[in-house]
Amino acid sequence: MHKDRWLKLEKLIKTDDLIKLRKVNQKMKREKHEKIMAEVWDEVNTALSDKRGLIAHQSRLAFSVSLGAVNILEIYLHNLNVLKEGVKIDHKWFKRKMETVFEHLQNQITSPIISIQRIEEIVDIVRKIEEKRDDLAYGSSATEEVLQEKINLLFKLKEITKC
């Protein structure tokens, strides 16, 4: 009898420790996302305030806005407690058809993808941000308008997800 109670207590302690470890891990992930987003917003704000214009920041903006979009999506899914442990969303997924993007995302979350509020709108924005990302990052010059639209999409994503 005493041994049974000890085993139950041992299981409870392990479960409690696991819960604590998960909370610490979630806090660390949140801090990592916050650090990344601070860098993204710093680059966006620097580019927006630069007298030379956005073109002078084209490559950095392309990378930063892409990184920001994926991080906002990850934060959003974390906040909903549906992102599986250790998952990393790949920006390259968003260059594919919408159905394929949803398949990739579904494999990364614990709830049905269709149950995620505004997921179609969110994915559509990330896909628009990812359009021509590599051309902007590595290719010839874009226009101020194209770069401003990418920034506007990032702000819209932030607003929709409240992240």
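Worth saying up front: this structure is predicted, and the values here are computed from it rather than measured.

A.B. asks: Describe the overall build of the protein, and please don't skip the residues or the numbers.
C.D. replies: Broken down by element type, the protein carries 6 helices and 0 strands. Traced from its N-terminal end to its C-terminal end, the protein shows the element sequence α-α-α-α-α-α. Burial status across the protein gives 39% buried among its 163 residues. Long-range pairs, those at least 24 residues apart, make up 70% of the contacts in the protein between residues at least 6 apart in sequence. Accessible surface computed for the protein: about 10,500 Å², of which carbon and sulfur atoms make up 54%.

A.B. asks: I'd like to hear about the packing of helix H2 (residues 58-79) against helix H4 (residues 119-130), residue by residue, with values.
C.D. replies: The N-to-C vectors of H2 and H4 enclose an angle of 160°; their axes lie 9 Å apart at closest approach. When the axis of H2 is compared with that of H4, the two are roughly antiparallel. For H2 against H4, the interelement crossing comes out left-handed. Note on element contacts: H4 touches H2 through Ile119, Ile122, Val126, Ile129 and Glu130, opposite Val65, Ser66, Ala69, Leu73 and Tyr76. A class-by-class count of the residues in the contact of H2 with H4 yields 8 nonpolar, 1 polar and 1 charged.

A.B. asks: Give me the environment of Asn152: which residues, what numbers.
C.D. replies: Examined against the element boundaries, Asn152 turns out to sit in helix H6 (residues 144-161). With 23 residues separating them along the chain, Asn152 and Ile129 place their C-alpha atoms 9.5 Å apart.

A.B. asks: Report on the packing of aromatic side chains, specifying residues and quantitative values.
C.D. replies: Counted according to the given criterion, the structure contains 2 aromatic pairs. Where Trp41 meets Phe155, the ring centres are 5.0 Å apart and the plane angle is 25°; that geometry is what we call stacked. Within this pair, whereas Trp41 is found in helix H1 (residues 2-49), its partner Phe155 is found in helix H6, the two being separated by 114 residues in sequence. With centroids separated by 5.5 Å and ring planes inclined at 75°, the aromatic side chains of Phe63 and Tyr138 adopt a geometry described as edge-to-face. Separated by 75 residues along the polypeptide, Phe63 in helix H2 and Tyr138 in helix H5 (residues 133-138) bring together distant segments of the chain. Since its relative accessible area comes to 61%, Tyr138 is described here as exposed.

What counts as what
- Residues numbered from 1 in each chain as written.
- Predicted model: local features only at pLDDT ≥ 70, side-chain atom pairs only at ≥ 80, totals over all residues.
- Heavy atoms only, no water.
- Helix = DSSP H or I, 4+ residues; strand = E, 2+ residues; numbered from the N terminus.
- Buried < 20%, exposed > 50% of the residue type's maximum accessible area, 1.4 Å probe, protein only.
- Contact = heavy atoms within 4.5 Å.
- Areas by Shrake-Rupley, 256 points an atom, 1.4 Å probe, with all protein chains shown as cover.
- Axes fitted to C-alpha atoms, helices over the stretch in contact; angles between N-to-C directions.
- Parallel < 35°, antiparallel > 145°, perpendicular 65-115°, else oblique.
- Left-handed = near helix turned anticlockwise from the far one by under 90°.
- Nonpolar A, V, L, I, M, F, W, Y, C, P; charged D, E, K, R; others polar.
- Phe/Tyr/Trp six-rings, centres within 6.5 Å; stacked < 30°, edge-to-face > 60°.

It is worth stressing that arrangement in space is one thing and function is another; only the former is reported here.
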